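Residue-level structural notes
What follows is each chain in one-letter form.
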Amino acid sequence: MRRLLSVILVVATAAATVGSAADPPTGSVKLPLAEYLRLVRQAEHNREAARAVRREEEPSVAALATQSTDITIGEETARVRSTFVVEVTGAPERTVPLPVTGLASTIGIVPDRGAVVGRADAAQAKGGSGLVLIPRRPGRYTVSVTGAALLKRDGGRRLLTLAPALAPVAVTRIDLPDTLSWRCPGTVVASEQVADGRRKLELGIPPGSSPTFSVAATLTEDQSKDLFATVTTVTLLRVTATGVRRTDIALYDVQRGELATHRIELPEGFEPDRAATDEREVPPLPDGHTLRIRREESLDFEGWVAVSGAVHGESLDLSPIRPALPVTAHYLALSSEAAARLDLPDGAWVRIGLDDLPEELATVLRTLDTGAVWRRTGSSPAGHVASLHRLPPAPAPPMVVRVRNTTTLLTVDGTLVHQDQLVLEHPASELRVQLPRGATLWSATVDGIAVRPAEEGGTVRIPLGLAGGESRVELVAVQLKAVPAGRSRLELAAPSLELPVLTHTWSLLLPERNRYRLVASPLHRAPGGKRAMVAGFSAGEAGTSGARGTVVDEGDQPLPGVTVELSAPDRPRRTDVTDADGAFRVKGLVPGTYMIRVSLPGYQRVELENIPVPPGVVVTLAPLTLHSAFKEEILVTSQAPVVDVTSTTSGQTFSSQPPMGASAPRGNRAKSGPKQLKQQAFRQQLDVLKKNLVAGVRPVPVTLPTTGKQLLLTGALPPRQVTAVLEVKGRR
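First, a word on scope: everything that follows refers to the structure included in this document. Treat the numbers as computed from the prediction; the structure is a model and nothing was measured.

**Remarks on the overall build of the chain**
- The helix and strand tally for the chain stands at five helices and 54 strands.
- Counting across all 732 residues of the chain, residues that qualify as buried make up 45%.
- Across the chain, every contact between residues at least 6 apart in sequence was considered, and the portion connecting residues at least 24 apart equals 74%.
- Counting every atom, the chain has about 36,700 Å² of accessible surface; 53% of that belongs to carbon and sulfur.

**A closer look at the environment of Pro164**
- Within the fold, Pro164 resides in the loop between strand E9 (157-161) and strand E10 (169-177).
- The sequence separation of Pro164 and Ser210 amounts to 46 residues, and the corresponding C-alpha distance is 4.6 Å.

**Observations concerning the nonpolar core**
- Counting 25 residues, the largest nonpolar core has Val551, Leu566, Phe584, Ile596, Val598 and Leu626 as its most contacted members.
- Of all the secondary structure elements, the ones that give two or more residues to this core are strand E43 (545-552), strand E44 (563-568), strand E46 (583-589), strand E47 (592-599), strand E48 (606-613) and strand E49 (617-620).
- Element by element, the count of residues in this core is highest for E48, at four residues.
- Setting aside anything within four residues of it in sequence, one finds Leu626 in contact with Val551, Val552, Asp553, Glu554, Leu559, Val562, Val598, Leu600, Tyr603, Gln604 and Val606.
- Leu422, Leu475, Leu497 and Leu499 belong to the second largest nonpolar core, which has 22 residues in total.

**A short note on helix H4 (residues 359-367)**
- Every buried residue of H4 is accounted for by Leu361, Ala362 and Leu365. Angular distribution of buried residues about the axis of H4 spans 100 degrees; they occupy a single face of the element. Facing away from the buried side of H4 by more than 90 degrees, the exposed set consists of Glu359 and Thr367.
- Tucked inside the fold, the buried residues of H4 contact strand E15 (228-240), strand E16 (243-256), strand E24 (327-336) and strand E27 (372-376).
- Note on H4: the residue one or two positions beyond its end, Asp369, has a positive phi of about 55 degrees.

**Concerning the side chain of His262**
- Positionally, His262 belongs in strand E17 (residues 259-265).
- In this structure His262 comes out as buried when scored by relative accessible area, which is 1%.
- One polar contact links His262 to Tyr252, side chain to side chain, over a distance of 3.4 Å.
- A polar side-chain atom of His262 sits 3.0 Å from a polar atom in the side chain of Arg295.
- Each residue touching His262, except ones within four places of it in the same chain, is listed here: Tyr252, Thr277, Leu291, Arg292, Ile293, Arg295, Leu299 and Val305.

**Quick look at the sheet that holds strand E29 (residues 400-410)**
- Ordered by their spatial adjacency, eight strands build an open sheet running E33-E32-E36-E30-E29-E39-E53-E41, and the pairing between neighbours is mixed. Edge positions in the sheet fall to strand E33 (449-450) and strand E41 (524-525), since each has one partner strand and no second.
- As paired elements, E41 and strand E53 (residues 709-716) share two bridges and run antiparallel to each other. Of the residues in E53, the one forming a bridge with His524 is Thr714.

**Some details on the packing of aromatic side chains**
- The tally for this structure, following the rule as stated, stands at one aromatic pair.
- With 5.8 Å between their ring centres and 15 degrees between their planes, Trp182 and Phe213 make a pair best called stacked. Taken together, the residues span a long stretch of sequence, with Trp182 in strand E11 (residues 180-183) and Phe213 in strand E14 (residues 212-217) at a distance of 31 residues.
- It is Arg351 that lies over the ring of Trp374; its NZ or CZ is 5.4 Å from the centre.
- Cation over ring: Arg376 sits above Trp349, and NZ or CZ is 5.6 Å from the ring centre.

Thresholds, definitions, all that
- Within every chain, residues take consecutive numbers counted from 1 along the sequence as written.
- A pLDDT threshold of at least 70 governs which residues receive local features in this predicted model, and a stricter bar of 80 or more applies before side-chain atom pairs are shown or counted, although totals over entire chains, interfaces and linings include all residues.
- Side-chain numbers come from the whole structure's heavy atoms, not from hydrogens or water.
- Numbering of helices and strands runs from the N terminus, with a helix taken as a DSSP run of H or I at least four residues long and a strand as a DSSP run of E at least two residues long.
- The classification of residues rests on relative accessible area computed with a 1.4 Å probe and restricted to protein chains. Under 20% of the type maximum is buried, over 50% is exposed, and intermediate values are partly exposed.
- The contact criterion used is simple: two residues touch if any of their non-hydrogen atoms lie within 4.5 Å.
- Accessible surface area values rest on a Shrake-Rupley calculation with a 1.4 Å probe, where residue burial reflects the displayed protein chains alone.
- Put simply, a nonpolar core is a bunch of buried Ala, Val, Leu, Ile, Met, Phe, Trp, Tyr and Cys residues held in one set by side-chain atoms that sit within 4.5 Å of each other.
- The arc in question is formed by the directions pointing from the helix axis toward the C-beta atoms.
- The term polar contact refers here to a pair of N or O atoms within 3.5 Å; inside protein, the definition further demands a hydrogen-donor-capable atom paired with an acceptor-capable atom, and it admits residues adjacent in sequence only when both atoms are side-chain atoms.
- Should DSSP find at least two bridges between two strands, the strands are regarded as paired.
- Classification of ring pairs rests on two measures: the distance between centres of Phe, Tyr or Trp rings, Trp counted by its six-membered ring, which must be within 6.5 Å, and the angle between planes, read as stacked under 30 degrees, edge-to-face over 60 and tilted in between.
- Distance and angle both matter: a charge sits over a ring if NZ of Lys or CZ of Arg is within 6 Å of the ring centre and within 35 degrees of the ring normal.

What follows is the structure, encoded as structure tokens:
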């Protein structure tokens, strides 16, 4: 308004000054005031239209970046406060789901910018109360929702369904009285603290799941005056070529009453890194030398607790763990993969056979390949000190990484997210990984179980526990804003392993706004150029390779009876037929590059080229779509008085969006096909990355894009440090 008044005053003053002149000054034009104001409005309109065009040209992204939920548990209800951060770029074209636990009562949006929050339909709800944000302009929005949730009663428990974690960074914090016991299957406990009569939890919820949180009145520390139970303890020493690992097991036999909490005194110097009960694996978080483990369901019959950790030195302190219940017997067992001799004090232990043990204990020790068992007889403290002498080790196969699949995501703000999936052969007691400079470990799992690694001088040490001949490890690390904007050359480094790697596949997910060229890397581009060939990898069985997937029709319905054939030069052909669910699996493939043919009478045959099958890997193809072999075309002309059916054609008619892993069919490569194929490949790789992130364990501010480019690299026996140098150019 001020600008408009200034313009009017200037124009009015100029008109009064030159009004007496017959002609305007040289280089000037004399206009009526109304005409001049019209031109000013037209110029403003043109500038706004240009800005709108620029917004339309920007990639349209509306995504939930972070979500945080705080829940306070009461008697019958829970207070809930949810905070969401939504990133919007380009012209907003879709709504963003906001998963809220319970019912919302107040909603706040900062900044406003015309955005509104509405109710979602069934397809948009994805759990929670089904709210969606409808943005009007690009920018960052912070949405705060407060409300309440009703605790449903189920016997002696009260249940609350938690909203799913839809953001890449999701934190759920729960505050409840410490007099209540709780359980929440399917979540990861990031932290648990008790102070001032309250228990505060921080849970990691797997993406997309809606776990149920339940609470119940807990028993006192002595569990019950009527409790009568006995415990048998076992100390198992497992000797390997790389070290000694100790596992203590407490076997409970509850004859009367219920046990809700295991309270165990740990011996001096024993620091376990893994713990488990007959219900689940739990994080070992001792308070001094006391370890308390709260059960999900009270124990009223038989159960067990196990704690495990590494021990060092030739002199071993075999002091047992001490449960807060009477111990009837203590045993010592030795499982040795390396040649060693254990010397025990005279008169303190007696050698027994496995058949002399209780049946349940004997079964456990047999599965662990126990070679010798002793029973404690003396009570002198000196009886707990033993000597372990290693004999010259026999040649043993070293630990190697048979398959390594790495996904590295570069976000628009320069943040790098690394996900490593490893298949280890002959695993030792621990795995050492050197993270890239400035990287923070987000999560680590061993065979699907979250573990707590130790960091020492930039090296992450991951305990492998009592792994067998093969183990699967997954690591996620984040480098916040590690790549400055405007770089014309990128130098990316994957985490470094201190082990030989037989096969390494590296998928780079890059921002779409630039063009990239691979300059140098010890890995090479995967067969098929820029096309992403597969939707994912999984470890094969017993070193075999294979391929699997599903076949559907144009309506995404499974097609049974489809013949699937994989062939390659100088290799035998392998075939399979889809089952009732449209699924197929081809086993026993020789590693290499294959062509796949999919055929069914009445449908057009599909051929896909350059499908890479690495050693010991089962390649998972995206769903393959078969189209009807016949299509009628009706042509209406202005000259003909009637509708004329001119032809019935049978040809190659494929969807404009080929499945991931497939190039456009021969003879029908639409110009839009490769671009759509790349975007679909990127989204599917991103979905795999999101699915495997354990949200909430290590919250970091990372916003995952929805579009981008993918570069697939592969190689055998790469060096310890794997890097990639890319040349970056802006859009043409």
